[in-house]
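# A structural walkthrough
Each chain, letter by letter, is given below.
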Amino acid sequence: MAELYRFGVSMPAKLLEEFDRYIERHHYTNRSEAIRDLIREKLVEEEWRESSEEVIGTITYVYDHHKRELADKLMDIQHDHYQEIISTQHVHLDHDRCLEVVIVKGKAEQIKKLSDRIKSLKGIIHCQLAMTTTGKKLV
């Protein structure tokens, strides 16, 4: 096991209370475990942004299918990024909302731009990007 180091963190009481609720919701046994995971997550995100490695992941979003021209805009964006999109899955959640999962692969910067374009559209209720590296270097 790697050597562990202790350090102190100062923060406002309200932020600490919110963090403790986060810890409870995510079933951490202590603050140290939660802090380690959050730091790892941020370091990996930074690595993706700066990486020349290929990434693979999903863009998952929920949208209001009654929003005027939204489906057409989504389709246009997907066609603009056909080189990064491997597959899409569409699910009708109810009369008004749909969920789409877009499986993507390519340079992290391009995948992030694609996700940001989708997220910024009016009528997108929720959008989340999840990525990991494939270990393959891109030029």
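Residues numbered from 1 in each chain as written. Predicted model: local features only at pLDDT ≥ 70, side-chain atom pairs only at ≥ 80, totals over all residues. Heavy atoms only, no water.

## Here we look at the packing of helix α3 (residues 70–80) against helix α4 (residues 108–119)
Two numbers describe a pair of packed helices, the interaxial angle and the distance between the axes. For clarity, the threshold we go by: The axes are straight lines fitted to the C-alpha atoms, using for helices just the contacting stretch, and the angles between their N-to-C directions are given from 0 to 180°. Runs of E in the DSSP output that reach at least two residues are strands. Runs of H or I that reach at least four are helices, and both are numbered from the N terminus. Working rule for angles: under 35 degrees goes down as roughly parallel, over 145 as roughly antiparallel, 65 to 115 as roughly perpendicular, anything else as oblique. In what follows, residue pairs with any heavy atoms lying within 4.5 Å of each other are defined as contacts. Charged means Asp, Glu, Lys or Arg here, nonpolar means Ala, Val, Leu, Ile, Met, Phe, Trp, Tyr, Cys or Pro, and polar covers whatever is left, Gly included.
Interhelical geometry of α3 versus α4 gives an angle of 170 degrees and a closest axis separation of 10 Å. Taken together, α3 and α4 sit at an angle that is classed as roughly antiparallel. Facing α3, whose interface residues are Leu74, Ile77 and Asp80, α4 presents Leu114, Arg117 and Ile118. A breakdown of the residues in the contact of α3 with α4 according to their chemical character gives four nonpolar, no polar and two charged.

## Observations concerning the UniProt feature "binding site: Ni(2+)" (unreviewed entry) in the chain
Spelled out, the test is: UniProt positions are given in the numbering used here, feature names are shortened, and annotations may be inferred rather than shown by experiment. Exposure classes here rest on a 1.4 Å probe applied to the protein chains alone. A residue is buried below 20% of its type maximum, exposed above 50%, and partly exposed in between.
Following the UniProt record, the feature "binding site: Ni(2+)" (unreviewed entry) maps to His79, His90, His92 and Cys98 here. Structurally, the position occupied by His90 is in strand β2 (residues 85–92). For His90, a relative accessible area of 32% corresponds to the partly exposed category. Setting aside anything within four residues of it in sequence, one finds His90 in contact with Tyr63, Cys98, Leu99 and Glu100. Turning to its location among the elements, Cys98 is positioned in strand β3 (residues 97–107). Cys98 gets classed as buried once you look at its relative accessible area, which sits at 1%. Aside from chain neighbours lying at most four places away, what touches Cys98 is Tyr61, Val62, Tyr63, His65, His90, Val91, His92 and Leu93.

## Focus: the pairing of β2
Going by this rule: Between any two strands, at least two bridges found by DSSP are needed for them to pair.
Bridging between β2 and β3 involves seven bridges; their strand directions are antiparallel. The residue bridging Ile85 from the neighbouring strand is Val104, located in β3. Hairpin connection between β2 and β3: a loop of four residues separates the two successive antiparallel strands.

## A look at the UniProt feature "domain: Transcription factor NikR nickel binding C-terminal" (unreviewed entry) in the chain
According to UniProt, the feature "domain: Transcription factor NikR nickel binding C-terminal" (unreviewed entry) maps to residues 56–132 in the numbering used here. Spanning residues 56–132, this segment combines 30% helix with 48% strand, and its end C-alpha atoms are found 6 Å apart.

## Description of the packing of aromatic side chains
Ring pairs (aromatic) are described by centroid distance and by the angle formed between their planes. Under the convention used in this document: Geometry of aromatic contacts follows a simple scheme: Phe, Tyr and Trp rings, the Trp one being its six-membered ring, pair when their centres are within 6.5 Å, and the pair is stacked under 30 degrees between planes, edge-to-face over 60, tilted otherwise.
Applying the stated criterion across every chain, the model contains three aromatic pairs. Ring centres 6.1 Å apart and planes at 10 degrees place the aromatic pair Phe19 and Tyr22 in the stacked group. Here the residue Phe19 and the residue Tyr22 both occupy positions in helix α1 (residues 13–25), the gap between them amounting to three residues, near one helical turn. The buried category is assigned to Phe19, whose relative accessible area is 14%. According to the relative accessible area criterion, Tyr22 is partly exposed, its value standing at 21%. Plain terms: the ring middles of Tyr22 and Tyr28 are 6.4 Å apart, the flat faces sit at 25 degrees to each other, and that makes the pair stacked. Among the aromatic residues, ring-to-ring pairing joins Phe19, Tyr22 and Tyr28 into one connected group.

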